Amino acid sequence: MREHGFTLVLTADPTDAEADKLYSVFDDGTISTIAGVPQIHFHREAASLEEAIRTAIGDVRSAGADVSRVEMEPNAVMPTI
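What counts and how
- Residues numbered from 1 in each chain as written.
- Predicted model: local features only at pLDDT ≥ 70, side-chain atom pairs only at ≥ 80, totals over all residues.
- Heavy atoms only, no water.
- Helix = DSSP H or I, 4+ residues; strand = E, 2+ residues; numbered from the N terminus.
- Buried < 20%, exposed > 50% of the residue type's maximum accessible area, 1.4 Å probe, protein only.
- Contact = heavy atoms within 4.5 Å.
- Polar contact = N/O pair within 3.5 Å; in protein donor to acceptor, adjacent residues only side chain to side chain.
- Pairing = 2+ DSSP bridges.
- Axes fitted to C-alpha atoms, helices over the stretch in contact; angles between N-to-C directions.
- Salt bridge = Lys/Arg side-chain N within 4 Å of Asp/Glu carboxyl O.

Student: Explain unusual backbone geometry residue by residue, including any values.
Tutor: Working note: non-glycine residues mostly have negative phi, and peptide bonds are mostly trans. The phi dihedral of Ala 35 is positive, around 55 degrees, even though this residue is not glycine. Take Ala 35: it is sitting in the loop between strand S2 (29-34) and strand S3 (37-46). Residue Ala 35 is classed as exposed on the basis of its relative accessible area, which comes to 79%.

Below you can see the structure in the form of structure tokens.
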């Protein structure tokens, strides 16, 4: 398995209680708000980038939050050679 880095941008800034619930679901992401944009940056181990993103979105939704988009560094999709 490989570690994949990406950011899930949330539709709303989580309250402290919602953040606690999110952290109870995953331990490989960090919640932050940057320039007013609520997000969770993940470093998730998975067989593929797609699997890592799908499972992270599922975790976030299971905690009651919603994702508006996924962001990642260009080399996350195409590693440097």
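Student: Any details on the environment of Gln 39? Residues and values, ideally.
Tutor: By the element assignment, Gln 39 lies in strand S3. For the pair Gln 39 and Arg 54, spaced 15 residues apart in the sequence, the C-alpha separation amounts to 16 Å. Setting aside anything within four residues of it in sequence, one finds Gln 39 in contact with Thr 7, Leu 8, Val 9, Leu 10, Thr 30, Ile 31, Ser 32 and Ile 34. At 3.1 Å, the side chain of Gln 39 and the backbone oxygen of Val 37 are in polar contact.

Student: Quick one: what's the story with the sheet that holds S2, residue by residue and with numbers?
Tutor: Strands pair in a sheet through their backbones, by hydrogen bonds, and they do so in one of two ways: parallel or antiparallel. Spatially, 4 strands are ordered S2-S3-S1-S4 in an open sheet, and the strand pairing comes out antiparallel. Only two strands of the sheet have a single neighbouring strand rather than two, namely S2 and strand S4 (67-71). Each adjacent strand pair in this sheet contributes to an overall mean axis angle of 30 degrees, direction not counted. Pairing between strand S1 (residues 2-10) and S4: 4 bridges, direction antiparallel. Bridge pairing in S4 places Leu 10 opposite Val 67. Across the sheet, helix H1 (residues 16-25) is in contact with S2 and S3; its angle to S2 comes to roughly 150 degrees. Sheet strands in contact with helix H2 (residues 49-62) are S1, S3 and S4, and its direction is about 45 degrees off that of S1.

Student: Got a sec to walk through the pattern of salt bridges? Specific residues and values, please.
Tutor: Counted under the stated rule, the structure contains 5 salt bridges. A salt bridge links Arg 61 to Asp 66; the nearest nitrogen and oxygen atoms lie 3.2 Å apart. A residue is classified by how much of its surface remains accessible, and Asp 66, at 36% relative accessible area, is partly exposed. Note that Glu 71 and Arg 69 form a salt bridge whose closest N and O atoms lie 2.8 Å from each other. Taken together, the salt bridges that share partners define one network made up of Asp 28, Arg 44 and Asp 59.

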